[in-house]
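Listed below are the residues making up each chain.
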Amino acid sequence: MKWYDADHDYINDYIDQWNRSAGRAKTGMIILGILLALSGFAALAAPLSTYAFVQGVISLVLIMHGAGQIATYVQTPEFFRNGAQLATGILNALLGVLLFMLPTSVMAGTIVYLLAFLLIMTGIERISFARQMHYYQIPASSMGTATGVLNIILGIAFIFMPLVSGLVLSYMLAAYLVMGGITLVVEGISIKKIDR
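Residues numbered from 1 in each chain as written. Predicted model: local features only at pLDDT ≥ 70, side-chain atom pairs only at ≥ 80, totals over all residues. Heavy atoms only, no water.

### Focus on the overall build of the protein chain
Quick note on the threshold: Working definition: helices are DSSP H or I runs of at least four residues, strands are E runs of at least two. Numbering for both runs from the N terminus. Any two residues whose heavy atoms approach within 4.5 Å at even a single point are treated as in contact.
In terms of helices and strands, the protein chain carries six helices and zero strands. Overall, the protein chain shows an N-to-C arrangement of helices and strands of α-α-α-α-α-α. Counting only contacts in the protein chain whose residues sit at least 6 apart along the sequence, the fraction spanning at least 24 positions is 78%.

Now the structure itself:
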């Protein structure tokens, strides 16, 4: 861990890094969000064949999204890192691996709780990110807060929603993917360079 250096301008360091990666992050978030949302809509359109679909494309998208979140955490200056972003990245990658590797019978029993926890962690990360955006006076930080709260509410609903059948699980996976995709697109659109 680096020690705090009173002579170093951490805020300008963070702003410089933000401005260097804003365009790339915006494009990546929007593309990944669209892919997640389209995957969710495809799962809604064919809920009975969701498992085969999930084990391919959705698993890959979730692993890529998780790896991107972990990379962003590592590249962020130490004093501005958000532990919830690292946890969410690890959980997204883990969810992608689980969806790809586990048989349907095992996946159906555990995935609802993993999705619930992931949605709650994603909501916390979105609210924290929106708070950072507000601190640096970046517009549309309230949209990040709103999507964070929606993620938390959906996560809590997943915990208390009874798992009746594989069809319910398919719709829950589709809801998670659509919500995650919409959240990424909204936040991607709101990313702007910080003016000094």
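### What about the side chain of threonine 147?
Put simply, the test is: Each residue's exposure class comes from its accessible area (1.4 Å probe, protein chains only) as a fraction of the maximum for that residue type: buried when under 20%, exposed when over 50%, partly exposed otherwise.
Its location among the elements puts threonine 147 in helix α5 (residues 141-160). Exposure remark for threonine 147: the relative accessible area of 6% places this residue in the buried category.

### Describing the environment of valine 57
As for its position among the elements, valine 57 is in helix α2 (residues 50-75). Sequence spacing of valine 57 and serine 39 is 18 residues, and the spatial spacing of their C-alpha atoms is 7.8 Å.

### Things to note about helix α3 (residues 83-101)
Counted only if it meets this: Given the number of residues in a helix, its expected span is that number minus one, multiplied by 1.5 Å.
Here α3 spans 27 Å end to end across 19 residues, near enough to the 27 Å set by a 1.5 Å rise per residue. For α3, every residue scored as buried is listed here: Ala84, Gln85, Thr88, Gly89, Leu91, Asn92, Ala93, Leu95, Gly96 and Leu99.

### Looking at the side chain of serine 39
Residue position: serine 39 is located in helix α1 (residues 10-45). On the basis of relative accessible area, serine 39 is assigned to the buried category, the value being 5%.

### Some thoughts on a nonpolar patch on the surface
As a reminder of what qualifies: Patch membership requires over 30% relative accessible area and the absence of a salt bridge. Like charges are linked within 9 Å, and nonpolar side chains (Val, Leu, Ile, Met, Phe, Trp, Tyr) within 5 Å. Areas reported as accessible are Shrake-Rupley estimates using a 1.4 Å probe. Residue values count occlusion only from the protein chains shown. A carboxyl oxygen of Asp or Glu within 4 Å of a side-chain nitrogen of Lys or Arg is what we treat as a salt bridge.
The grouping of Ile34, Leu38, Phe41, Leu44 and Tyr171 at the surface amounts to a nonpolar patch, some 460 Å² of accessible area in total. With four residues, α1 is the largest single contributor of residues to the nonpolar patch. Structurally, phenylalanine 41 is set in helix α1. Judged by relative accessible area, phenylalanine 41 falls into the partly exposed class, the value being 46%.

### What about the environment of alanine 175?
Structurally, alanine 175 can be placed in helix α6 (residues 166-190). Sequence separation of alanine 175 and leucine 44 is 131 residues, and the distance between their C-alpha atoms is 8.2 Å.

### Quick word on the nonpolar core
Which entries qualify depends on this criterion: In these notes, a set of buried Ala, Val, Leu, Ile, Met, Phe, Trp, Tyr and Cys residues joined through side-chain atoms within 4.5 Å is what counts as a nonpolar core.
In terms of nonpolar packing, the biggest core is built from 34 residues, with Trp18, Leu62, Leu95, Ile111, Leu115, Phe158 and Tyr176 touching the most fellow members. Within the residue set of this core, elements represented by two or more residues are α1, α2, α3, α4 (104-135) and α6. No other element matches α4, which puts ten residues into this core. Filtering out sequence-adjacent residues up to four positions away, leucine 95 remains in contact with Leu62, Ile111, Leu114, Leu115, Leu118 and Tyr176.

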